[in-house]
Amino acid sequence: MFSEFITHFNYIVVIILMMTGLYVVFSASNMIKKLVGLSVFQTSVFLLYITMGKVTGGVPPIIEGLHGGDYGPENGAGHGAEAAGQAAEILYSNPLPHVLILTAIVVGVATLAVGLALVVRIREVYGTIEEVEIDRLNYAFNMDGVDEAASGETP
Amino acid sequence: MSTFLTGWLSAEAPVLIVVLPLVMAAFCAVMPKDKIAWIITLITTLICAVLAFDIVLQVQSAGVLSYALGGWDPPFGIEYRIDGLNAPVVLLISAIGVICTLYALRSTDAEIEPKKRAPFYAAFLVAFAGLLGMVVTGDAFNVFVFLEVSSISTYVLVAMGASRDRRALNSAYNYLILGSIGATFFVIGVGFLYMETGTLNMMDMADQLAVTADGSRVAQLAFAFIVVGLGLKLAMFPLHLWLPGAYAYAPTAITAFLAATATKAALYLLLRFVFTVFDPSLAFIGATLTWLLAVLGVVGMFVASFQAIFQTDARRVLAYSSVAQIGYILLGVGMGTTLGVSAGYVHLINHGIIKGALFLALGAFWYRYGIKRVSDFNGLGKLMPWTMSAFTIAALALIGIPGTAGFVSKFQLLTAAADNGWWWAVGAVVVTSILAVIYMGRMLEAAWLQPAPLVNGKPVASREAPWPMMVGLWVLAIASLVFGIMPAWPLELASGAAQVMLGGGL
């Protein structure tokens, strides 16, 4: 039981983060808090991907000999071939999920930036960032029938 | 190979339709004058439409187009793969892109502030490139990237409706939260698939998954995450809450573009994952098709149609109607038979055309008279006869009157349901079509049978929509008639798609 906990530690953290993030997104009324929850949720996925890239006993996927001091136009090619021969025996971790997650991090940052920009505009227009309050304002807006007044600028 | 372009152009077409709009978006964003940005957008979308048409012809003659990005061979590098399943969607997206750009020339004058117009076209091109990218790519992670590229620019575009109605901001925010959750669910699913198969190429994934014949637990988990994630993106019934707000308050050109393409691209992805990456003959996938997609589709048809009847805002009526129509498509797909899947597919294309026309017409009504509510439609048939005629054709097609595209796809759906022995589904389609008569008929009745309102005792002057709006509207309206009277071409495309999905023709 305890050993399973140790070996699956990362996955347990992923699940905890994922559920925390989703819960915050659904339960928070404050729009900034919702975005925080969304970020936590997305971060849990980064951790999931990074965890799956780890191979037990694997070393970082860097081919050693290539970066020695004698790496140059004359010697480099020979050493490279030698290093490539060695590479077959060394167990490397999988670098691909890490590269994928770099992309996902950029996407997450872009989403967060657009989200925060929207919250700023919402604050300017509505004067609040509480979702409950905004729903109330929208409802009143609908009931008063001021729809046409807000959109009367036809050319 | 039948193609009408020079050799290299048709060979590079799969990647050009994605790269060209992405690059041009950067130019658009820095243009000092919005008219120049508009011209760039129009030319780019036109080129993409021509390339897309060429791609469809190539696929019809060659079967599958595979483009290895950067010269890296498919299982290792990213592959753009176009076959009978996605070629029609590529054509639909790029054609609607051209029409919406034409339309946007006049509609942006009315609803976007002058200094935001050039960035508006840039964001539009990015969304366009993202949608085309997620359809043409054959790499699962690349799908996620393009999904987010198109989604993030779409959030921005929806929020640009704020100068007309501030609720656009709130809708864009809700869309952002739900859209990001959907995309994240999708990427979790892709992660599990990668764990299971060790590859990101969809065809390679399908081969690897076929080895574990009955589907391992990891694959099942991946499937669940992908279906829920894409379900959010395509507005499957209980996950559709972002859709009415986003459609109702976005700028009019964007509403038409989103309604006709965004949910359709996500639907295509669902088909791609359910039918070609996974094997639909597996027990857990068959159960998902029957008990999740078909059942939720039918429930969505009823609930969304009823909600559409009680809306006051015309765009919200059509938005709920979209959720109902997605229900039809999911019902067809959920049958899992060749007939059912091809019926769902042809409805996907037809509904894109019909809903595009309807939203363009609603935008024109707003542009001329500031009309948003169904109750203000009185006399529109006399005030804007040509625009209203096109709207009427599309509305009849949405209901499914014989002679229109909507009838063809609904008839296919009924045939498939009857063939499958799902008589309850036949009944559901017929009853919800009657509900469509109620919510669309309300608008048509007011527009054609009620007198035009009087202003200061005088009738309102008749003002037709400007020609750039009219062209796109009528192209779509005529397309929905032509596909109704001569349905051979769309049906051929749909059966080609069904063959890709079910015929084992990977």
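Residues numbered from 1 in each chain as written. Chains lettered and ligands numbered in written order. Predicted model: local features only at pLDDT ≥ 70, side-chain atom pairs only at ≥ 80, totals over all residues.

A.B. asks: I keep staring at the overall build of chain A and nothing clicks. Help me out?
C.D. replies: If you tally the helices and strands in chain A, you get seven helices and zero strands. When burial is assessed residue by residue, chain A has 18% of its 155 residues classed as buried. A separation of at least 24 residues holds for 64% of the contacts in chain A among residues at least 6 apart in sequence. (Helix = DSSP H or I, 4+ residues; strand = E, 2+ residues; numbered from the N terminus. Buried ≥ 20, exposed ≤ 12 C-beta atoms within 10 Å, placed from the backbone. Contact = placed C-beta atoms within 7 Å.)

A.B. asks: What is the right way to look at the overall build of chain B in this model?
C.D. replies: The helix and strand tally for chain B stands at 19 helices and four strands. The C-alpha atoms of chain B give 22 Å as radius of gyration, which agrees with the globular expectation for 506 residues (23 Å, within 12%). On the principal axes, the C-alpha backbone points of chain B span a range of 75 × 55 × 45 Å. When contacts within chain B are restricted to residue pairs at least 6 apart in sequence, long-range pairs at least 24 apart make up 80% of them. (Rg over C-alpha atoms; globule rule 2.2 N^0.38 Å.)

A.B. asks: Got a minute to help me understand the confidence of the model for chain B in this structure?
C.D. replies: Atom-level detail of predicted coordinates should not be read off regions where pLDDT is low. In the predicted model, chain B carries a mean pLDDT of 89, and 98% of its residues have values of at least 70. Quick note on the complex model: pTM equals 0.90, ipTM equals 0.88. (pLDDT = per-residue confidence, 0-100.)

A.B. asks: Any chance you could explain the packing of helix α12 (residues 314-335) of chain B against helix α13 (residues 338-369) of chain B here in plain terms?
C.D. replies: In a packed pair of helices, the relevant descriptors are the angle between the two axes and the axis-to-axis distance. Residue and element names in this part refer to chain B. Across the interface, α12 lies against α13 with an axial gap of 7 Å and an inter-helix angle of 170 degrees. Considering their axes alone, α12 and α13 lie roughly antiparallel with respect to each other. Where α12 abuts α13, its residues Ala314, Arg315, Leu318, Ser322, Gln325, Tyr328, Ile329, Gly332, Val333 and Met335 lie against Gly340, Val341, Ala343, Gly344, His347, Leu348, His351, Lys355, Leu358, Phe359 and Leu362. Of the residues that constitute the contact of α12 with α13, the class distribution is 12 nonpolar, seven polar and two charged. (Axes fitted to C-alpha atoms, helices over the stretch in contact; angles between N-to-C directions. Parallel < 35°, antiparallel > 145°, perpendicular 65-115°, else oblique. Nonpolar A, V, L, I, M, F, W, Y, C, P; charged D, E, K, R; others polar.)

A.B. asks: Please explain the nonpolar core as it appears in this structure.
C.D. replies: The tendency in soluble globular proteins is for nonpolar side chains to be buried side by side. All names here are of chain B. Ranked by internal contacts, the top residues of the largest apolar core, which has 233 residues, are Val90, Leu132, Ala357, Leu358, Ala361 and Ala394. Sorting elements by how many residues they give to this core places helix α10 (residues 252-277) first, with 19 residues. Residue contacts for Leu358: discarding those within four places in its chain leaves Leu318, Phe391, Ala394, Ala395 and Leu398. (Core = buried A, V, L, I, M, F, W, Y, C linked by C-beta atoms within 7 Å.)

A.B. asks: Help me understand the interface of chain A and chain B in this model?
C.D. replies: The parts lose accessible area when they come together, and the size of an interface is often stated as this lost area. Chain A puts 31 residues into the contact, and the matching count from chain B is 32 residues. Those elements giving two or more residues to the side of chain A that touches chain B turn out to be α3 (31-53), α5 (96-126), α6 (131-144) and α7 (147-150) of chain A. Here the side of chain A that touches chain B takes 12 residues from α5 of chain A, the largest share from any one element. Class assignment of the residues belonging to the side of chain A that touches chain B gives a composition of 19 nonpolar, eight polar and four charged.

A.B. asks: Where do I start with unusual backbone geometry in this structure?
C.D. replies: Peptide bonds are trans in most cases, and residues, glycine excluded, mostly fall at negative phi. Of note in this structure, Ala235 of chain B is not a glycine but carries a positive phi near 65 degrees. Inspection of the secondary structure puts Ala235 of chain B in the loop between α8 (217-234) and α9 (242-249).

A.B. asks: Mind showing me how you'd approach the environment of Arg373 of chain B here?
C.D. replies: Residues and elements named next belong to chain B. Relative to the assigned elements, Arg373 resides in the loop between α13 and α14 (380-383). The class of Arg373 is partly exposed, set by 16 C-beta atoms lying within 10 Å. Setting aside chain neighbours within four positions, we find Arg373 in contact with Thr312, Asp313 and Ala314.

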